[in-house]
Amino acid sequence: MKLLLVAGARPNFMKIASIVTALDAHNRSARDRIDYLLIHTGQHYDEKMSQTFFRELELPRPEVDLEVGSGSHAVQTAEIMKRFEPVLMKERPDAVLVVGDVNSTIACALVASKIVYTDQERTGRARPLIVHVEAGLRSRDWSMPEEINRVVTDSLADILFVTEQDAVRNLRQEGIPRQRIHLIGNTMVDTLLHHRARAERSSILLRLGLETSDARGTTAKMPYGVVTLHRPSNVDDSTVFRGILAALLTIGGKLPLIFPTHPRTFSRIREFGLASQCRMLGMEDHITDVKAGVYCIEPLGYLDFLRLMSNARIVLTDSGGIQEETTVLGVPCVTLRNNTERPVTVTQGTNVVVGTSPRKIVQAATKKLRESVRPRKPKFWDGKAGERIVAILRNARSGRR
Ligand code: UD1
């Protein structure tokens, strides 16, 4: 079997890493090899948003980099499609595997769904199977580009790998046949569990001045929180963003907040004239005297971020993946959105969804900081999702459904 793996944006890399590890393990011992090629669309292209993750997660160099870069949704999606089609025609894989809900996901699934292999008599296959990892998540919020990407990708997919039971229900309600849906767990959690011990050796806390060690090697950690924000609905609207920042400054008045800042968010901070309210730190700056405040730093690599998040008293975020990671780590999470497509992180995890009202954010954070939480593992979030995917792919057959 020949498989094309597609990754394009930062959260894709962690999801693909565990599948690559499982494929390599399978290919070392089994006779029915699954040959794979990794395709990077180039949706994220910075050292800090992309290359660092390939190095740290020990991902192979992508066979092809489509180098699409940034653009409006239409331009970015169309550009990926244009550049992916010839790759597909040349490589003629048996299956195309896409992950998550970013523009790269929908673009490559759409290309694979319409391609026609001309000598299908020889291969017995009209087009590649479309495999979607992290299928079935629904926020029911159609203003989110990711929701559109999820629904369209799932309607095109032949094999849908699902992280939580609610997602199975969502897909069944949309008429997706049960035999296409597989609850296999969470590949992002596989990667977290795999790299957790390595991440504990990251020096990020020392570098930021959040950990000190004396001459006898005794270390002390300061309490702090972590913030991530990048959703257009939160950062592109100046009123919403100002409100969120006001809440963060209130919380940051008591507990320093470390804010690895996404490029989009960084641009908005500058554009809206908010830079003076945050403390801007270069990676060479040490906080020698941690005072209260909101500290903006560059986006972090995987291991540094995992260490920072694991030791935080609280995380405030609008990311999807971080809601899941904090659940497994047992770190309280406050989600600055009106909904979540990952309800298991609320019902079984450490997450609370509060919206963007400054008062509610402060209230929720204050409450969460008083509670004691413990790590939780929803069904199959056990580090073996990648292996389950490979076991099912081995038996996958036939192109058309
Ligand atoms: C994308 C995904 C989102 C995911 C997020 C993680 C879509 C629709 N959205 O949003 O689901 O949670 O990635 O980060 O696919 N930029 C850089 N350097 C980079 C990448 C981007 O400076 O390496 C800048 C771009 O120029 C652009 C902005 O960041 O101005 C946004 O990038 P884009 O890929 O359009 O979307 P994200 O907001 O990152």
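To be clear, the structure that these remarks concern was listed above.
An account of the accompanying structure is given in this report.

What counts and what doesn't
Each chain has its residues counted from 1, following the order in which its sequence is written. Totals for whole chains, interfaces and linings use all residues, but because this is a predicted model, local features are given only for residues with pLDDT of at least 70 and pairs of side-chain atoms are given and counted only at 80 or more. Computation of side-chain values covers all heavy atoms of the structure but excludes hydrogens and water. Counting from the N terminus, the helices are the DSSP runs of H or I reaching at least four residues and the strands are the DSSP runs of E reaching at least two. Both definitions apply: the radius of gyration is a C-alpha atom measure, and the globule rule equals 2.2 Å times residues to the power 0.38. Burial classes follow relative accessibility: with a 1.4 Å probe on protein chains only, a residue under 20% of its type's maximum area counts as buried, one over 50% as exposed, and anything between as partly exposed. The contact rule is simple, with two residues in contact once any of their heavy atoms fall within 4.5 Å. The accessible surface values rely on the Shrake-Rupley method and a 1.4 Å probe; as for residues, cover is taken only from the protein chains in view. The charge count includes Lys and Arg as positive and Asp and Glu as negative, but it does not include His or the ends of the chains. To locate a charge, take atom NZ for lysine, CZ for arginine, CG for aspartate or CD for glutamate. The definition of a polar contact used here is a pair of N or O atoms within 3.5 Å, where within protein one atom must be able to donate a hydrogen and the other to accept one, and adjacent residues in sequence count solely through side-chain atom pairs. A helix's residues, less one, multiplied by 1.5 Å, set its expected span. For the purposes of this section, nonpolar cores are sets of buried Ala, Val, Leu, Ile, Met, Phe, Trp, Tyr and Cys residues that join through side-chain atoms within 4.5 Å. Consider each residue's heavy atoms; a residue with any of them within 4 Å of a molecule or strand counts as near. Classification convention: Asp, Glu, Lys, Arg as charged; Ala, Val, Leu, Ile, Met, Phe, Trp, Tyr, Cys, Pro as nonpolar; all other residues, Gly among them, as polar. Salt bridge, as applied in this entry: a Lys or Arg side-chain nitrogen positioned within 4 Å of an Asp or Glu carboxyl oxygen. Here the aromatic set is Phe, Tyr and Trp, taking the six-membered ring for Trp, and pairing holds for ring centres within 6.5 Å; pairs whose planes are under 30 degrees apart are stacked, those over 60 apart are edge-to-face, and all others are tilted. Only when the NZ of Lys or the CZ of Arg is both within 6 Å of the ring centre and within 35 degrees of the ring normal is a charge said to sit over the ring.

Moving on, we get to the overall build of the chain. When its secondary structure is counted, the chain shows 17 helices and 16 strands. Whereas a compact globule of 401 residues would reach a radius of gyration of roughly 21 Å, the chain reaches 21 Å, a difference of no more than 12%. Each principal axis of the C-alpha atoms in the chain carries an extent, and together these give about 70 × 50 × 35 Å. The burial tally for the chain puts 56% of its 401 residues in the buried class. Nonlocal contacts in the chain, meaning residues at least 24 apart in sequence, comprise 69% of its contacts between residues at least 6 apart. Accessible surface, the chain: about 17,000 Å² in total, of which carbon and sulfur atoms supply 50%. The distance from the centre of the 57 positive side-chain charges to the centre of the 45 negative ones in the chain is 5 Å.

Take the side chain of Arg138 next. Residue position: Arg138 is located in the loop between strand E5 (129-135) and helix H6 (145-156). There is a polar contact of 2.9 Å between the side chain of Arg138 and the side chain of Asp154. Every residue in contact with Arg138, bar those within four places of it in the chain, is listed here: Glu147, Arg150, Val151, Asp154, Asn170, Leu171, Glu174, Thr340 and Glu341.

Taking 1.5 Å per residue as the helical rise, helix H11 (residues 238-252) with its 15 residues ought to reach 21 Å, and the 20 Å between its terminal C-alpha atoms agrees with that figure. Among all positions in H11, only Phe241, Gly243, Ile244, Leu245, Ala247, Leu248, Ile251 and Gly252 are buried. Capping of H11 at its N-terminal end is provided by Asp237; its side-chain oxygen lies 2.9 Å from the backbone amide nitrogen of Thr239.

Moving on, we get to the nonpolar core. In terms of nonpolar packing, the biggest core is built from 60 residues, with Leu5, Ile16, Leu59, Leu97, Leu308 and Leu393 touching the most fellow members. Take this core: its biggest share by element is 8 residues, from helix H1 (residues 10-29). Not counting residues within four places of it along the chain, the set of residues in contact with Leu308 comprises Ile204, Leu205, Leu208, Leu210, Tyr224, Val226, Ile258, Pro260 and Leu300. Membership of the second largest hydrophobic core comes to 32 residues, among which are Cys108, Tyr117, Leu137 and Leu160.

As a matter of local geometry, the ligand sits amid 19 residues, with Gln43, His44, Ser70, Asn103 and Glu146 nearest to it. Take Asn103: an N or O atom from its main chain is 2.8 Å from an oxygen atom of the ligand. Calculation on the ligand without its partners gives an accessible area of 750 Å², and the protein chains cover 85% of this total. Put simply, the parts of the chain that give the shell around the ligand at least two residues each are H1, helix H3 (73-91), H6 and helix H12 (263-271). Grouping the amino acids of the shell around the ligand by side-chain chemistry returns 5 nonpolar, 9 polar and 5 charged.

Oppositely charged side chains may form a pair once their charged atoms are brought near each other. One pass over the full model with this rule turns up 30 salt bridges. A salt bridge links Asp32 to Arg394; the shortest N-O distance between them is 2.8 Å. Taken together, the residues Asp32 in the loop between H1 and strand E2 (35-40) and Arg394 in helix H17 (residues 385-394) connect sequence positions 362 residues apart. By relative accessible area, Arg394 is classed as partly exposed at 38%. When salt bridges that share partners are traced, they join Lys15, Asp101, Glu134, Glu147, Arg150, Glu324, Arg337, Glu341 and Arg342 into one network.

Using the criterion set out here, one finds 3 aromatic pairs in the structure. Ring geometry for Phe13 versus Phe53: centroids 6.3 Å apart, planes at 40 degrees, classification tilted. In this pair, Phe13 is assigned in helix H1 and Phe53 in helix H2 (residues 47-56), connecting sequence segments 40 residues apart. As far as burial versus exposure is concerned, Phe13 and Phe53 are alike and both buried. When the ring of Phe241 is compared with that of Phe272, the centres are 6.4 Å apart and the planes differ by 70 degrees; the resulting orientation is edge-to-face. One end of the pair, Phe241, is in helix H11; the other, Phe272, is in the loop between H12 and strand E12 (279-280), with 31 residues separating them in the sequence. In this structure an aromatic cluster arises from ring pairing among Phe13, Phe53 and Phe54. Its end group placed over the ring of Tyr117, Arg92 keeps NZ or CZ at 4.5 Å from the ring centre.

These values are about where atoms sit, not about what they do.
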